[in-house]
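What follows is the residue order along each chain.
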Amino acid sequence: MKPLAPLHPDPLPPYQAVDLLDTDSLLSADEIALRTSVREWVDARLMPIITECHFAGRFPGELVPEMAKLGLLGPTVPKQYGGPGRSSTDYGIIMQELERCDSGVRSFASVQSSLVMYPIFAFGSEEQKHRWLPTLAQGTDIGCFGLTEPEFGSNPAGMIVSATETPDGWVLHGTKKWLSNGPSATIAIVWAKTDGDDAKSIRGFIVPTDLPGVTVHRIDDKHSLRVSESSAMTFDQVKLPKDAILPGSGGVKSPLMCLNQARFGIVWGALGAAMACFDEALQYSKQRVMFDKPIGQTQLQQSRLADMVTKITNGQLLAIQLGRLKDRGDLTPAQISLAKRYNVDMACDVAREARRLLGANGILGGWHSMRHMANLESVYTYEGTHDMHTLIVGQELTGLAAYR
C-alpha cells in the first residue's frame, strides 16, 4: 500500500532574499546591518505568532517593549527627544521588514512614528516634545491619529470636528473614524477646526484618551488589517487645557505633512509585503510537484515569477531613490504619491499572483500571501486612496486639479 499523503506540504525554509539587480549595492553597510537586525527579530518573534494574531484579530502588544528597545518607534526623532536619530531611509527599511511580516504591525509603528511623534516634533512646543516623545519612543505611551471622519476621508478640509477656545482652554466636539492604534492609545493627535468652516483654522491637539467625554469605539468586523487595532472616537464637549494645542500647526497642510511622512513608510512597507509573497511563491514552486515535476519548472509559473521579481525590483529602486531624496530634503508630495501609488498597486498584484501560484493551499492559514493580499487592499485605500494619488500625480504633470 502507498503511504498516506500529507495533508499539508512540508514547511517552507526561512525567508530567502532574491536580488537579481544587486540593489543591495545601493545601500550602505549600516543600512544593511539595520535591515539584518530587524529581519532577524521579525523572523524570530513576529512570524511564529502572526497567523494566530490574524485569525484572533489581535495585535501582539506584548512585543511593543522589544520594538521600542530596537528603536523601531520614532526612529527619525533626534536623540535629545528620546529617539535614535536615524535617517529617513533607515525608517523605510524598518517599515519594509515589519510589513514583510504583516501590514498591521507596520501600521502600528507607522502611526506611532509618523502620525503621532512627527506632529509633536514638527508642530509641538519644547515642553510637549520633552513630555511626550520619550515615552512614545519607549512604547509606554501609545498614540493614534484623528483626521478622518465618518463623512470626510479624501477631503479632510471638509471636517466638522470643532475645537472652541474658552477662557480656560478648549472644548473639543465631534467624531473621528479609522484611528489605528485607537483601542490601546493613551493619547490621540486630533485635528479640528477652530473657526467655523474655515479650513485654514484647522489645528492639531494632543488629547489624552482618558479624559471625560472621550469614548473609543473599537472596530473589529474587518476582513483586512486584522492585526491592527482600529477604532472610531467621539469627543463630547471634551475640555482641554490651553497647552493641548500644537502651536506650530495651522491649516489642512499640517495633517497632510504628517500623512506624507507615513506614506513614505508605506512605500517601503508595501515592498516588504511583496517580497514576502514572492519568496513564498518561489520556494513553493520548487517544492510542489505536479505531473511528476516541480511546478516551478513550467513556463506558466516561471512567467508569473519573472513578472513578480521585475515589479519588486522596480519598487526597490523607487523606494531607495525616494529615501535618498528625503534624506537630502528634496522630496516632494507628488513624488511620494507616485511611489505610494506604484508600490502598493505592485504589491497587490504580486500578492494576488503568489496566492494563485499556491493553488488551494494559498487560502490556508499556514501560508501568508492571502493575508498580505487582504491587508494590502486596506493599504491601497488608506492614507490617500490609489485614485487620489493618481490625481495628485496628474495635477503635478498638467498643473490642473481634477478633483476640484
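Residues numbered from 1 in each chain as written. Predicted model: local features only at pLDDT ≥ 70, side-chain atom pairs only at ≥ 80, totals over all residues. Heavy atoms only, no water.

This part takes up the overall build of the protein chain. Of regular secondary structure, the protein chain possesses eleven helices and nine strands. Against the 2.2 N^0.38 benchmark of 22 Å for 404 residues, the protein chain shows a C-alpha radius of gyration of 22 Å, consistent with a compact globule. Counting only C-alpha atoms and orienting by the principal axes, one finds that the protein chain spans roughly 85 × 50 × 40 Å. Within the span of the protein chain, comprising 404 residues, buried residues form 53% of the whole. Considering only contacts within the protein chain whose residues lie at least 6 apart along the sequence, 74% involve residues at least 24 apart. Here the protein chain has roughly 18,200 Å² of accessible surface; of this, 55% comes from carbon and sulfur atoms. (Helix = DSSP H or I, 4+ residues; strand = E, 2+ residues; numbered from the N terminus. Rg over C-alpha atoms; globule rule 2.2 N^0.38 Å. Buried < 20%, exposed > 50% of the residue type's maximum accessible area, 1.4 Å probe, protein only. Contact = heavy atoms within 4.5 Å. Areas by Shrake-Rupley, 256 points an atom, 1.4 Å probe, with all protein chains shown as cover.)

A word on the pattern of salt bridges. Evaluated as defined, the whole model comprises 22 salt bridges. Here R371 makes a salt bridge to D102, at a shortest N to O gap of 2.7 Å. Separated by 269 residues along the polypeptide, R371 in helix α10 (residues 369–381) and D102 in the loop between α4 (88–101) and α5 (103–123) bring together distant segments of the chain. Both residues of the pair, R371 and D102, count as buried. Taken together, the shared-partner salt bridges connect R304, K311, D349, R352, E353 and R356 into one network. (Salt bridge = Lys/Arg side-chain N within 4 Å of Asp/Glu carboxyl O.)

Attention now goes to helix α7 (residues 253–287). Between its first and last C-alpha atoms α7 spans 51 Å; for 35 residues at 1.5 Å apiece the expected length is 51 Å, and the two agree. Where burial is concerned, most of α7 is hidden: 30 out of the 35 residues are buried. (Expected span 1.5 Å × (residues − 1).)

Of all the bends in α5, the largest measures some 35 degrees and sits at M117, one to four residues before the proline P119. Here α5 lies mainly inside the structure; 19 of its 21 residues are buried. If you check the start of α5, you find a side-chain oxygen 2.7 Å away from the backbone N of G104, and it comes from D102. (Bend = angle between axes of the 7 residues up to and from the residue. Polar contact = N/O pair within 3.5 Å; in protein donor to acceptor, adjacent residues only side chain to side chain.)

Before going further, it helps to spend a moment on the packing of helix α8 (residues 299–328) against helix α9 (residues 333–357). At a closest axis distance of 10 Å, the pairing of α8 and α9 adopts a crossing angle of 155 degrees. By the angle between their axes, α8 is roughly antiparallel relative to α9. Judged by the twist between their axes, the crossing of α8 over α9 is left-handed. Across the contact of α8 with α9, the residue classes break down as 15 nonpolar, five polar and five charged. (Axes fitted to C-alpha atoms, helices over the stretch in contact; angles between N-to-C directions. Parallel < 35°, antiparallel > 145°, perpendicular 65-115°, else oblique. Left-handed = near helix turned anticlockwise from the far one by under 90°. Nonpolar A, V, L, I, M, F, W, Y, C, P; charged D, E, K, R; others polar.)

The subject of this paragraph is unusual backbone geometry. If you check the backbone angles, N181 has positive phi at about 75 degrees while not being a glycine. With respect to the helices, strands and loops of the structure, N181 is situated in the loop between β3 (169–176) and β4 (187–193). The exposure class of N181 is buried, given its relative accessible area of 3%.

Between α7 and α9, the least distance of the axes is 8 Å, while the angle of their chain directions is 20 degrees. On the basis of the axis angle, α7 is roughly parallel to α9. Classified by chirality, the crossing of α9 by α7 is left-handed.

Tracing the chain through its elements places T209 in the loop between β5 (202–208) and β6 (214–219). Overall, the relative accessible area of 14% leaves T209 in the buried class. Each residue touching T209, except ones within four places of it in the same chain, is listed here: A185, T186, I187, A188, V214 and M233.

The next thing to look at is the nonpolar core. In this structure, M67 and L98 are the most contacted members of the largest nonpolar core, which totals 68 residues. With sequence-adjacent residues up to four places away left out, L98 is seen in contact with W41, V42, L46, M67, L72, V105, R106 and A109. Membership of the second largest hydrophobic core comes to 25 residues, among which are L133, I189, W191 and A262. (Core = buried A, V, L, I, M, F, W, Y, C linked by side-chain atoms within 4.5 Å.)

Taken together, the side chains of L21, L26 and L317 define a hydrophobic patch exposed on the protein surface, amounting to about 250 Å² of accessible area. For L317, a relative accessible area of 33% puts it in the partly exposed group. (Patch = residues over 30% accessible without salt bridge, like charges linked within 9 Å, V, L, I, M, F, W, Y side chains within 5 Å.)

Turning next to the packing of aromatic side chains. Evaluated as defined, the whole model comprises eight aromatic pairs. Ring centres of F123 and W191 lie 6.3 Å apart, and the angle between their planes is 90 degrees; this geometry places the pair in the edge-to-face category. Remark: W191 occurs in strand β4 and F123 occurs in helix α5; sequence separation between them is 68 residues. What makes F123 buried here is its relative accessible area of 7%. Classification of W191 by relative accessible area gives buried; the value is 0%. Between W170 and F205 the ring centres are 5.2 Å apart and the planes differ by 70 degrees, which places this aromatic pair in the edge-to-face class. (Phe/Tyr/Trp six-rings, centres within 6.5 Å; stacked < 30°, edge-to-face > 60°.)

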